[in-house]
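Each chain, written out:
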Amino acid sequence: MAAVRIQQKVQQREQHVQREPKKKKKRNIRWTFGEKIVFVSFLAFALYSSVTIISNQFTIYHVNKEVQQLQADIQEQQKQNRDLYAQVQELSTYERILAKAKELGLTLNENNVKVVQD
């Protein structure tokens, strides 16, 4: 019985030794010169791409803003043109021209009138 107990104690010690957590070894990562070049090149490319994209978006924003301003100016000019066209139509009526001519001392001679068609 004593031998069995000794054997059990030895087995328990072996199990205890096996259960101890293994310490993780810290890996030292060593990068080669080529890997460093590739990594730095990638970072430079990513930075350049980011700056380029932001710059392009900024330019697009300003161009769109200018386009909207020009469209507003065009609409304002079209409104002024319509108003001036209406004013021309109003001022070029036959009655107004005849009244202005009489006011200036001109007379209407029916024999001297020639009709011009568009």
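Residues take numbers from 1 onward in each chain, read along the sequence in its written order. At least 70 in pLDDT is required for a residue's local features to be given in this predicted model, at least 80 for side-chain atom pairs to be given and counted, and no such filter applies to totals for whole chains, interfaces and linings, which use all residues. Working from all heavy atoms in the structure, the side-chain values ignore hydrogens and water.

**Here's the deal with the overall build of the protein**
Then, in step 1: When its secondary structure is counted, the protein shows three helices and zero strands.
Then, in step 2: The way it works is that DSSP assigns letters per residue, a run of H or I at least four long becomes a helix, a run of E at least two long becomes a strand, and they are numbered from the N terminus. When the helices and strands of the protein are listed from N to C terminus, the series reads α-α-α.

**A short note on the confidence of the model for the protein**
Then, in step 1: As a per-residue quantity, pLDDT reports the predictor's confidence and falls between 0 and 100. Residues with a pLDDT of 70 or more make up 88% of the protein, whose mean pLDDT is 87.
Then, in step 2: Within the protein, helix α1 (residues 2-19) has the poorest average pLDDT of any element, 69, and helix α2 (residues 33-91) the best, 97.

**Remarks on the pattern of salt bridges**
Then, in step 1: Throughout this description, the term salt bridge denotes a Lys or Arg side-chain nitrogen within 4 Å of a carboxyl oxygen of Asp or Glu. Counted according to the given criterion, the structure contains one salt bridge.
Then, in step 2: K100 is paired through a salt bridge with E103; the nearest N and O atoms lie 3.6 Å apart. Of this pair, K100 and E103 both sit in helix α3 (residues 94-103), three residues apart, which is roughly one turn of that helix.

**Regarding the UniProt feature "transmembrane region" (unreviewed entry) in the protein**
Then, in step 1: UniProt positions are given in the numbering used here, feature names are shortened, and annotations may be inferred rather than shown by experiment. Sequence positions flagged by UniProt for "transmembrane region" (unreviewed entry) are, in local numbering, residues 33-54.
Then, in step 2: When the span residues 33-54 is considered, its composition is 100% helix and 0% strand, and the gap between its end C-alpha atoms is 32 Å.

**Side note on the UniProt feature "coiled-coil region" (unreviewed entry) in the protein**
Then, in step 1: The positions that UniProt labels "coiled-coil region" (unreviewed entry) are, in the present scheme, residues 60-87.
Then, in step 2: As annotated, residues 60-87 has a helix share of 100% and a strand share of 0%, and its two end C-alpha atoms lie 40 Å apart.

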